[in-house]
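Here is how the chains run, residue by residue.
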Amino acid sequence: MDSNGDPVARWKQLAAALAFYDYILPDAPLAEGVILSPADRPTLGVWMMPDNVRPGALEHLLFGMKPDADDLWPLAEQAVAGIPKDKRRFKPQHELKAVVRTWLAWQETPGLPPGEAVKRDMLNPNALAATPLMDWLLRLFPTDA
C-alpha cells in the first residue's frame, strides 16, 4: 500500500482494518517490512510504499529504480513541469506519478505497467532504493534456489 502523505495515519488505518481479522501490527511500520505468521491464519506481509518510513507512493520507489543515465527521464520531468498549473488534471501530490507514467509512455513498448518495466530491465530491481523491498519479498516468499 502507499503511505501517501502521512505514514503514521496510514499505518493506524491498516492496523485497525487488520485487527478485525485478528492480525496485530507493530505500533509503527518497520523499515524491514512486516511479516505476520500466526499459527491459525495465513501468513500476511505488509509493506508501505515507498520504503515503510517516508511518505509517498509506489512512484517514489520507482524513481529510485530509474536508470542513472536515461536521457528521457529529465525530458519527462520537463514535460510534466511544463504543464500550466491551471491545465493540470492531476493533484499536486501525483506529479511524480505523472512523470513516471510519461517516461513509461515513451519507451519502446509504450505504457507498460511498472512491474513489467522491472521484468524488462527498464527499471532496476537491484537499485539501492529497491533493496529493502526485495529483501522483504524474499523473506515473505522464500525460494529454494
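See the structure above.
Since the model is a prediction, treat every value here as computed from it, not as a measurement. (Residues numbered from 1 in each chain as written. Predicted model: local features only at pLDDT ≥ 70, side-chain atom pairs only at ≥ 80, totals over all residues. Heavy atoms only, no water.)

Engineer: Could you give an account of the overall build of the chain, naming the residues involved and the relevant values?
Structural biologist: Across its full length, the chain carries six helices and two strands. Taken from N to C terminus, the helices and strands of the chain fall in the order α-β-β-α-α-α-α-α. In the chain, of all internal contacts separated by at least 6 residues, the share reaching a separation of at least 24 is 46%. In the structure as shown, the chain presents an accessible area of about 9,200 Å², 58% of it carried by carbon and sulfur atoms. Averaged over its 15 positive side-chain charges, the chain has a centre that lies 8 Å from the centre of its 19 negative ones. (Helix = DSSP H or I, 4+ residues; strand = E, 2+ residues; numbered from the N terminus. Contact = heavy atoms within 4.5 Å. Areas by Shrake-Rupley, 256 points an atom, 1.4 Å probe, with all protein chains shown as cover. Lys, Arg positive; Asp, Glu negative; His and termini not counted. Charge placed at Lys NZ, Arg CZ, Asp CG, Glu CD.)

Engineer: Help me get a handle on the packing of aromatic side chains, residues and values and all.
Structural biologist: According to the stated counting rule, one finds four aromatic pairs in the structure shown. Geometrically, the ring pair formed by Phe 20 and Tyr 21 is edge-to-face, given 5.0 Å between the ring centres and 85 degrees between the ring planes. By relative accessible area, which is 66% here, Phe 20 ends up exposed. Taken together, a centroid distance of 5.4 Å and an interplanar angle of 55 degrees make the contact between Trp 73 and Trp 103 tilted. Of the two residues, Trp 73 is situated in helix 3 (residues 72–81) and Trp 103 in helix 4 (residues 95–105); the sequence distance between them amounts to 30 residues. On the accessibility criterion, Trp 103 (1% relative accessible area) is buried. Here a set of aromatic residues connected by ring pairs shows up, and it is made of Phe 63, Trp 73 and Trp 103. Its guanidinium or amino end placed over the ring of Tyr 23, Arg 41 lies 4.9 Å from that ring's centre, counting from NZ or CZ. Seen from the ring of Phe 63, Lys 66 lies directly overhead, with NZ or CZ sitting 4.8 Å from the centre. (Phe/Tyr/Trp six-rings, centres within 6.5 Å; stacked < 30°, edge-to-face > 60°. Buried < 20%, exposed > 50% of the residue type's maximum accessible area, 1.4 Å probe, protein only. Lys NZ or Arg CZ within 6 Å of the ring centre and 35° of its normal.)

Engineer: How would you explain the layout of surface pockets if you had to name every residue and give the values?
Structural biologist: In this structure, the largest pocket occupies an estimated 160 Å³ of space. Elements represented by at least two residues in the lining of the largest pocket include exactly helix 2 (58–65) and helix 4. (1 Å grid on protein atoms, 1.4 Å probe; cavity = no way out; pocket = protein on both sides within 12 Å on 5 of 7 lines; lining within 4 Å. Points joined across faces, edges and corners; volume = space filled by probe spheres on them.)

Engineer: Lay out the pattern of salt bridges with the relevant residues and their values.
Structural biologist: One pass over the structure, following the stated rule, counts five salt bridges. One salt bridge in this structure joins Arg 88 and Glu 95, with 3.1 Å as the shortest N-O distance. By relative accessible area, Arg 88 is classed as buried at 15%. A relative accessible area of 27% means that Glu 95 is categorised as partly exposed. (Salt bridge = Lys/Arg side-chain N within 4 Å of Asp/Glu carboxyl O.)

These figures come from the coordinates and say nothing about function on their own.
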